[in-house]
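# Working through the structure, step by step
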Amino acid sequence: MTDDVHAHGARSRAGGSAEPGGADEIEDARALEVELRGAAAAPAAGATDALADLPADVPVDRQLEAILMIADQPQSLVALAAAVGAPVPVVRQAVDRLVADFDGTDGTVRRGFELREVGGGWRFYVRAELDAVVEQFVEAERPARLSQAALETLAVVAYKQPITRSQIAAIRAVNVDGVVRTLVARGLIEESFTDSETGAINYVTSELLLQQLGINSLDELPLISPLLEDGADGFGQTGRIPDGRV
């Protein structure tokens, strides 16, 4: 670009009018202005390469919609333009169309979210009138903390499984029917099999518990014997459960 500017200047000095503002100089200035505008409007090379596999018929509006859907921070027009490889004015117009579309101003359905400009950028937000329903959903999805009784029962099942309710109750010395039902409902333990002689249901821990603990196997549970006074009561080693673990 610098070389082109010098070339234009050289032509003006060499073959153009000697007076400033001559016909040749004006012509060169206009050509340079067109060239500068074209360079400013052209997408960056990196953006062009990244969009090489994108179908040619995908509108800029849909591209911006996809980007804004996963953006966790407001995106400026310049950043959006770089992402889709389009001039900023084109992106600005596309954003205006999206805002009108989501707001239902052009006869479309008013969405439960809006595209809002905040802090110099654009991002999807829940509409203010729907905050209550979203808050209710989040509260319902938020996992409640387990009680101390539930944690103790879960530990017994984890280290002694498969195990029946009566066996859990014998270890904890309390009725555990309600706690076991809670753990089953939460998906942390599950029924394994029914004893053919007594009809008692045996419980084991679930895959969900492993995910919650961030381990691959119950073999990764810490040894519990060192935490007990005599190292054996309630969680003693057996031939079936090495080191007090399944």
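Let us look at the structure shown here.

Calculation criteria
Residues numbered from 1 in each chain as written. Predicted model: local features only at pLDDT ≥ 70, side-chain atom pairs only at ≥ 80, totals over all residues. Heavy atoms only, no water. Helix = DSSP H or I, 4+ residues; strand = E, 2+ residues; numbered from the N terminus. Core = buried A, V, L, I, M, F, W, Y, C linked by side-chain atoms within 4.5 Å. Buried < 20%, exposed > 50% of the residue type's maximum accessible area, 1.4 Å probe, protein only. Contact = heavy atoms within 4.5 Å. Pairing = 2+ DSSP bridges.

## Quick word on unusual backbone geometry
Looking along the chain, the bond that leaves Gln161 and enters Pro162 is cis, with omega of -5 degrees. Residue Ala173 is not a glycine yet carries a positive backbone phi of 60 degrees. With respect to the helices, strands and loops of the structure, Ala173 is situated in the loop between α9 (165–172) and α10 (177–185).

## Side note on the nonpolar core
Residues Leu64, Leu68, Leu80, Val91, Val95, Leu115 and Trp122 are the most contacted members of the largest nonpolar core, which totals 16 residues. At the level of secondary structure, the elements contributing two or more residues to this core comprise α4 (60–70), α5 (77–84), α6 (88–103) and β2 (121–126). Per-element accounting of this core gives the leading share, six residues, to α6. If sequence neighbours within four positions are ignored, Leu80 has contacts with Leu64, Ile67, Leu68, Gln75, Val91 and Val95. Leu154, Ile168, Tyr203 and Leu209 belong to the second largest nonpolar core, which has 14 residues in total.

## A closer look at the sheet that holds strand β4 (residues 189–194)
Spatially, three strands are ordered β3-β5-β4 in an open sheet, and the strand pairing comes out antiparallel. Pairing within the sheet leaves two strands with one partner each, and these edge strands are β3 (163–164) and β4. Note that β3 and strand β5 (residues 201–205) share two bridges and pair antiparallel. Bridge assignment links Ile163 to a residue of β5, and that residue is Tyr203.

Structural measurements only, silent on function.
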